[in-house]
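Listed below, chain by chain, are the residues.
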Amino acid sequence: MTNHENHRDFATRIVGRLRQEGFQAYWAGGCVRDLILGREPADYDVATDARPEQVMAIFGRRTIPVGVSFGVVRVRDSREGGEVEVATFRSDGAYVDGRHPESVVFSSPEQDAERRDFTINGMFSDPFSGEIIDYVGGRADLDARVLRAIGDPWARFREDKLRLLRAIRFAARFRLAIDPATHSALVTMANQIHVVAAERIAQELRRMLVHESRSEAMNRMLECGLVAHVLPPLLPMKGVFQGKPIQPEGDLWDHVLLVLDLLPREPSFPLAFAALLHDVGKPRTMATHKGRISFHNHELVGRRIADDLCRRLKLSNTERERVCWLVEFHQYLGDAKRLREAKLKRMLSMPGIDDLLALHRADALASFGESPQVDYCRYYIEAQPSGPINPAPLVTGHDLVRYGLSPGSHFSTILEQIREAQLDRLINSKREALEWLDEHLASFKVEKP
Ligand SMILES: Nc1ccn([C@@H]2O[C@H](COP(=O)(O)OP(=O)(O)OP(=O)(O)O)[C@@H](O)[C@H]2O)c(=O)n1
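Analysis parameters
Residues numbered from 1 in each chain as written. Predicted model: local features only at pLDDT ≥ 70, side-chain atom pairs only at ≥ 80, totals over all residues. Heavy atoms only, no water. Helix = DSSP H or I, 4+ residues; strand = E, 2+ residues; numbered from the N terminus. Contact = heavy atoms within 4.5 Å. Domains from an automatic or database assignment. Near = heavy atom within 4 Å. Polar contact = N/O pair within 3.5 Å; in protein donor to acceptor, adjacent residues only side chain to side chain. Nonpolar A, V, L, I, M, F, W, Y, C, P; charged D, E, K, R; others polar. Expected span 1.5 Å × (residues − 1). Buried < 20%, exposed > 50% of the residue type's maximum accessible area, 1.4 Å probe, protein only.

A. Local environment of the environment of W27. Among the secondary structure elements, W27 is positioned in strand 1 (residues 25-28). Counting along the chain gives 18 residues from W27 to D45, while the straight-line C-alpha distance between them is 5.7 Å.

Here it is in structure tokens:
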């Protein structure tokens, strides 16, 4: 069985055991939504009318009492590892800290559904019969592809303001339209996101950015006014144009969205965050001289802005440093072929070089197409374990003499070009090098011997 099947099986056994003891029990929340959508749930949660102490009595030493006062206990799978959250059906009292209810009252499945955030997250399912228990219209909303708060959207967002970001994440991830009343509450309350702890905001951003719907999520954040409050330095990028030849795709914001889409499918969070921030220094450094636009030192200014943002979001030092490094050096590899070998080698042996290559590639692809520097750098990196980082030249001056050329200053130009073609893997043997010479000799204004 896969990990996922084990986890699902364990959650099913928990439901079965609770029912054996005479309790109601179902899978609940996000896993039901994911199963209806035909996606593999990351997690299976169980909801029951058994009280936490009853759950603890049934599962004994395997229980971890993580939030007994809110009716939440975790049950450990001692055979396969992993845990399942078992929560008692409850209604929440007033939310004072904007995160947890001050008190909870144990209640019915229907009331438990009503305390949840969005209709698509408010369903239960019977793992044995497959029946969906839906008191809040989640199924119909999923079918109609609508994200709708359960009950009064203002109340739902007021209880936990992180739900403002959760709304964006779910809408982007599942390509849902946001119901107008929910949308209106979201836009009006966007300025209250600052009451949420930085770590929780960072966690939501992380979930949005590592998912393939990342650009959609960022665009929706902009549209709802959340970028202004969560990522304010990104706002000035909207409406800054770099000019057609450099950036045909639109303004800087559009460019960033395109770069996000061009990242590898499952990027690390620092890579995705750096991609979001890589040009954040441009609006502040933009200057026009004789009709030409420049952004001198934008990568250094960008690094400072990124550093400040990472600190505000309380990212770990390791992640902050990685993000800042990627922002500062996002253009560095564009000059790889012209760098001194020692410098290039040093850069290519840095931890995080794969992320830098991925960022450089996505940035180039978004603007002018595939970057030949990426393959060039990969060639260097891959050559490392098996031998010299820079492979021996295929052709030397002696070879050119043997080929019939008379020595002269053109030798170094010819050798350099052959070497470039070799590093680009356009030629891979001495025979291919000489064929290449046959073809290109005229361009060096040298007569064929
Ligand atoms: N602020 C929150 C957080 C969670 N929930 C409820 O608790 C369930 C589990 O929450 P969580 O694990 O955070 O999210 P999932 O919906 O499972 O989504 P995913 O794990 O895919 O992010 C949600 O489905 C929702 O019913 C809620 O109402 N309000």
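B. The environment of L348, seen in detail. Summarising the element assignment, L348 is placed in helix 17 (residues 341-348). With twelve residues separating them in the primary sequence, L348 and A336 have C-alpha atoms 9.9 Å apart. Excluding residues within four positions of it along the chain, L348 makes contact with L333, I353, C377, Y380 and I381.

C. Region of interest: the domain arrangement of the protein chain. For the protein chain, the assigned domains are domain 1 (1-144) and domain 2 (397-444). A C-alpha centroid distance of 70 Å is found between domain 1 and domain 2.

D. Focus on the site of the ligand. Around the ligand sit 13 residues, and of these D117, N121, D160, R166 and R169 come closest. Take R33: an N or O atom from its side chain is 3.0 Å from an oxygen atom of the ligand. In the model, an oxygen atom of the ligand is placed 2.8 Å from a nitrogen or oxygen of the D117 main chain. Put simply, the parts of the chain that give the shell around the ligand at least two residues each are helix 2 (30-36) and helix 7 (162-173). Take the shell around the ligand: its biggest share by element is four residues, from helix 7. Looking at side-chain class alone, the shell around the ligand contains one nonpolar, three polar and nine charged residues.

E. Highlighting helix 18 (residues 353-367). For helix 18, built from 15 residues, the straight-helix expectation of 21 Å at 1.5 Å per residue is met to within 8% by its first-to-last C-alpha distance of 21 Å. Of all the 15 residues making up helix 18, twelve are buried; the element is thus mostly covered by neighbouring parts of the structure. Listed as buried for helix 18 are I353, D355, L356, L357, A358, L359, H360, A362, D363, A364, A366 and S367. G369 occupies a position one or two residues after helix 18 and carries a positive phi of about 120 degrees.

F. Spatial organisation of unusual backbone geometry. Backbone geometry places R145, a non-glycine residue, at a positive phi of 55 degrees. Looking at the secondary structure, you find R145 in the loop between helix 5 (138-143) and strand 10 (146-147). On the basis of relative accessible area, R145 is assigned to the partly exposed category, the value being 34%.

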